[in-house]
Amino acid sequence: MATEPAARSVPALRRERQTALYRRALETLPGGTDSNFRAWGDDTIYVDRGKGGRVWDIDGNEFIDLRMGYGPVILGHGDERVDDYVNERMRRGVSFSLTTEDEVRAMELVRELTGWVDKARMTVSGTEATMHAMRIARAYTGREKIVKFEGQYHGVHDYALISVSPNDISELGDADNPVRLAWGRGIPGAVADTIIPARYNNIDFLRRLFEREGDQIAAIIVEPVLGNAQAIMPKPGFHQAMRALTEEFGILLIFDEVKTGFRLARGGAAEFFGIKPDLATWAKAMGNGYPAAAFGGREAVMSMLPDKVSHGGTYAGNRIAAAAAVKTLEILRDTDALETIHAIGRRMQDGLREILNPTGLPYVFTGHPSMFGIMFTDTEPSEYRDWANTDHELYDAIAVGMHARGAMPEPDSREPWFICEAHAEGDIVDQVLTIFNDSLDAALEARAHGRLAPMGSGAMSHPTAG
Ligand SMILES: Cc1ncc(COP(=O)(O)O)c(C=O)c1O
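The rules we used
- Residues numbered from 1 in each chain as written.
- Predicted model: local features only at pLDDT ≥ 70, side-chain atom pairs only at ≥ 80, totals over all residues.
- Helix = DSSP H or I, 4+ residues; strand = E, 2+ residues; numbered from the N terminus.
- Rg over C-alpha atoms; globule rule 2.2 N^0.38 Å.
- Buried ≥ 20, exposed ≤ 12 C-beta atoms within 10 Å, placed from the backbone.
- Contact = placed C-beta atoms within 7 Å.
- Pairing = 2+ DSSP bridges.
- Right-handed = clockwise from strand over helix to strand, strands pointing away.
- Axes fitted to C-alpha atoms, helices over the stretch in contact; angles between N-to-C directions.
- Left-handed = near helix turned anticlockwise from the far one by under 90°.
- Nonpolar A, V, L, I, M, F, W, Y, C, P; charged D, E, K, R; others polar.

## Here we look at the overall build of the protein
For the protein, the helix and strand inventory stands at 14 helices and 16 strands. Radius of gyration (C-alpha) of the protein: 22 Å, near the 23 Å computed for a compact globule of 466 residues. Residues counted as buried form 50% of the 466 residues belonging to the protein. Across the protein, every contact between residues at least 6 apart in sequence was considered, and the portion connecting residues at least 24 apart equals 73%.

## Considerations on the pairing of strand 10 (residues 252-256)
Burial analysis of strand 10 places five of its five residues in the buried class, the great majority of the element. Here strand 10 shows no split at all, with Leu 252, Ile 254 and Asp 256 on one side and Leu 253 and Phe 255 on the other all buried. Inspection of the sheet shows strand 9 (residues 217-222) paired to strand 10 by four bridges, in the parallel sense. In the sheet register, Ile 221 faces strand 10, and the bridge partner there is Ile 254. Considered for its hand, the β-α-β crossover made up of strand 9, helix 7 (residues 238-249) and strand 10 is right-handed. Relative to strand 11 (residues 279-282), strand 10 runs parallel, the two sharing three bridges.

## With respect to the packing of helix 3 (residues 101-114) against helix 10 (residues 319-334)
In a packed pair of helices, the relevant descriptors are the angle between the two axes and the axis-to-axis distance. Close contact between helix 3 and helix 10 brings their axes to 8 Å; oriented N to C, the two are set at 35°. Judged by the sense of rotation from one axis to the other, the crossing of helix 3 with helix 10 is left-handed. Side by side, helix 3 and helix 10 meet where Asp 102, Glu 103, Arg 105, Ala 106, Leu 109 and Leu 113 of the first sit next to Arg 319, Ala 322, Ala 323, Ala 325, Val 326, Leu 329, Glu 330 and Arg 333 of the second. The class makeup of the residues in the contact of helix 3 with helix 10 is eight nonpolar, no polar and six charged.

## Some remarks on the sheet that holds strand 13 (residues 364-368)
The strand order across the open sheet built from three strands is 13-14-16, with neighbouring strands paired in antiparallel fashion. What marks the edges here is a single partner per strand, and that holds for strand 13 and strand 16 (417-418). Bridge count for strand 13 against strand 14 (residues 371-375) is five bridges, and the pairing is antiparallel. Residue pairing across strands places Thr 366 opposite Gly 373, the latter belonging to strand 14.

## Comments concerning the sheet that holds strand 15 (residues 407-408)
Taking strand neighbours across the sheet as the criterion, the four strands line up as 1-2-3-15 in an open arrangement whose pairing is mixed. Edge positions in the sheet fall to strand 1 (47-51) and strand 15, since each of these pairs with one other strand and no more. For strand 1 and strand 2 (residues 54-57), the ladder comprises four bridges, and the chain directions are antiparallel. Note that in strand 2 the partner of Lys 51 across the bridge is Arg 54.

The following block contains the structure:
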């Protein structure tokens, strides 16, 4: 830990407008917001604006943004290169339910950057992309079941909301025989029964499963890194083994690259891990925050469209999303933005190591420098169940402390820090390190005095997600 005094005073955040808007919003929006994942009770944040790597809330409090909208804003908020291009294109009209050249260009760029994709189509959200990829897999194989990993998040359609991220790990059932845990009410049992939960990084589990019921399984969908649990990485060879196993059993492999796409590498996690899946989904980084998303894959599988599988959407490929994708992907292709992002992430991790090592606290970095987490544990986590054995109470206290000091990581120990190109500006990295250091000191001091607030105590606790 650095030598700064722990008791550096923390100016209170201004909250007058937040409090008033929260009360007003509660009258109309359930939870005061448009997503359960932003409904943080009294601490629900109302944002005014963002620029580069910073955001300002409606009371004018300024934060270094380490959430970046759960990942999409890869270049920075209000990036003028993207915004100017979108502005110029949108003046030609935004929605025709006809096809523009922007859409063709955007999907050509997806092909070019991934290198393995033959055909792709746009959607508006990652949710739609994973839903369609699953449907295409079922249509192509003539099988109905989909394997998904515990702890992985693929959006909010019924097929995705199984065994996602319970706080109480025991709800996932026995480790050898996990249960299909529906997230919330309203998910038909018949739909849930088509999803088989599996354990990430556990190839033996998959082999046993495939041997038992492989002839009913259409596909396995995987977040190549476990983005919903601090971006836990695959064990060396896991993806290769899974690719071989899926081929052996005629099961399709869907890479859900909504978080990793165009971030881990220009060709996403598929390039990073050297895997050719059959289908993939993208969103987030492909549009720098505009609602651009897509699914795509190899020719034979995608040939289910347009005749054999339903896919459509009034806003699919709308001008704003398509133009944003074109410009963002061109920037990622033609500049060293990704190299910058990876270097900032490594610098931040180096600085965090210098702060953490002298404390003797057990910790591991999870993820890739462009989206990484810090887990307080002395064992390398390999699946969602391992999150329960980390000291997330300490992490949460640090995150809440960072918020009070002007940096905003997600205040939930399951969501990684997202790095954007604009974090290279000024002394953002040094500021984050100072803020982390002070917040760690304060959290340890609170623990020493038995004052460490547990999650759910009215701090900024809320469920995790995308
Ligand atoms: C891996 C993954 N897949 C799918 C989704 C769903 O995307 P969207 O929120 O755009 O529907 C998310 C969102 O966080 C995600 O992280």
